[in-house]
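A closer look at the structure
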Amino acid sequence: MVWRRWSRTLKSHELLLKYRHDPRSTFSKVVVWYVDRGAPGDRSCVKGDDILVLDAYYFEIVSSHGTKYIPYHRIRKIAYDGSTAWER
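Residues numbered from 1 in each chain as written. Predicted model: local features only at pLDDT ≥ 70, side-chain atom pairs only at ≥ 80, totals over all residues. Heavy atoms only, no water.

A few points about the sheet that holds strand β3 (residues 51-54)
Pairing within the open sheet is antiparallel, and its 3 strands lie in the order β3-β4-β5. If you trace the sheet from one side to the other, it starts and ends with β3 and β5 (66-71), each paired once. Pairwise comparison of adjacent strand axes, ignoring direction, gives a mean angle of 20° for this sheet. (Pairing = 2+ DSSP bridges. Helix = DSSP H or I, 4+ residues; strand = E, 2+ residues; numbered from the N terminus. Axes fitted to C-alpha atoms, helices over the stretch in contact; angles between N-to-C directions.)

Concerning the nonpolar core
One recurring pattern in soluble globular proteins: nonpolar side chains tend to sit buried together. Leu16, Val32, Phe59 and Ile78 are the most contacted members of the largest nonpolar core, which totals 20 residues. Elements represented by at least two residues in this core include exactly α1 (12-21), β1 (30-35), β3, β4 (58-63), β6 (75-80) and β7 (83-87). The residues touching Leu16, leaving out its near neighbours within four places in the chain, are Phe27, Val30, Val32, Leu54, Tyr72, Ile75 and Ile78. (Core = buried A, V, L, I, M, F, W, Y, C linked by side-chain atoms within 4.5 Å. Buried < 20%, exposed > 50% of the residue type's maximum accessible area, 1.4 Å probe, protein only. Contact = heavy atoms within 4.5 Å.)

Re the pattern of salt bridges
Using the criterion set out here, one finds 2 salt bridges in the structure. Linking Arg24 and Asp22 is a salt bridge whose minimum nitrogen-to-oxygen distance equals 2.7 Å. Across the pair Lys68 and Asp36 runs a salt bridge, and its minimum N-O distance is 3.1 Å. In this pair, Lys68 is assigned in strand β5 and Asp36 in the loop between β1 and β2 (43-47), connecting sequence segments 32 residues apart. Residue Asp36 is classed as buried on the basis of its relative accessible area of 13%. (Salt bridge = Lys/Arg side-chain N within 4 Å of Asp/Glu carboxyl O.)

What about the packing of aromatic side chains?
Following the criterion strictly, the structure yields 4 aromatic pairs and no others. Between Tyr58 and Tyr69, the aromatic rings sit 5.3 Å apart at their centres with planes inclined by 85°, giving edge-to-face as the arrangement. Of this pair, Tyr58 sits in strand β4 while Tyr69 sits in strand β5, and the two are 11 residues apart along the sequence. Here the aromatic rings of Phe59 and Tyr72 are separated by 5.8 Å at their centres, their planes lie at 35°, and the arrangement is tilted. Of the two residues, Phe59 sits in strand β4 while Tyr72 sits in the loop between β5 and β6, which places them 13 residues apart along the sequence. Each member of the pair Phe59 and Tyr72 is classed as buried. By way of ring pairs, the aromatic residues Tyr34, Phe59 and Tyr72 are connected into one cluster. One residue, Lys77, lies across the ring of Trp33, its end atom 4.7 Å from the ring centre. (Phe/Tyr/Trp six-rings, centres within 6.5 Å; stacked < 30°, edge-to-face > 60°. Lys NZ or Arg CZ within 6 Å of the ring centre and 35° of its normal.)

In structure tokens form, the structure reads like this:
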């Protein structure tokens, strides 16, 4: 479910919370692209299944190097079920 009907623009954190808690959506269908210094092109992506925590200031993910903490301001794009839902 792509949240396009909202009267105001949702912040990336708010959108992720909606996808996680709304029973009409499936969080495993979410993909988040974010700035990752040192990664190829300084960008990485993570699927919803690998997002452990949605904190107030960052989200916590499982990576090949262990747990990583990504601040929301590094998010560049959120897709749901293959469609772009949010982009900076």
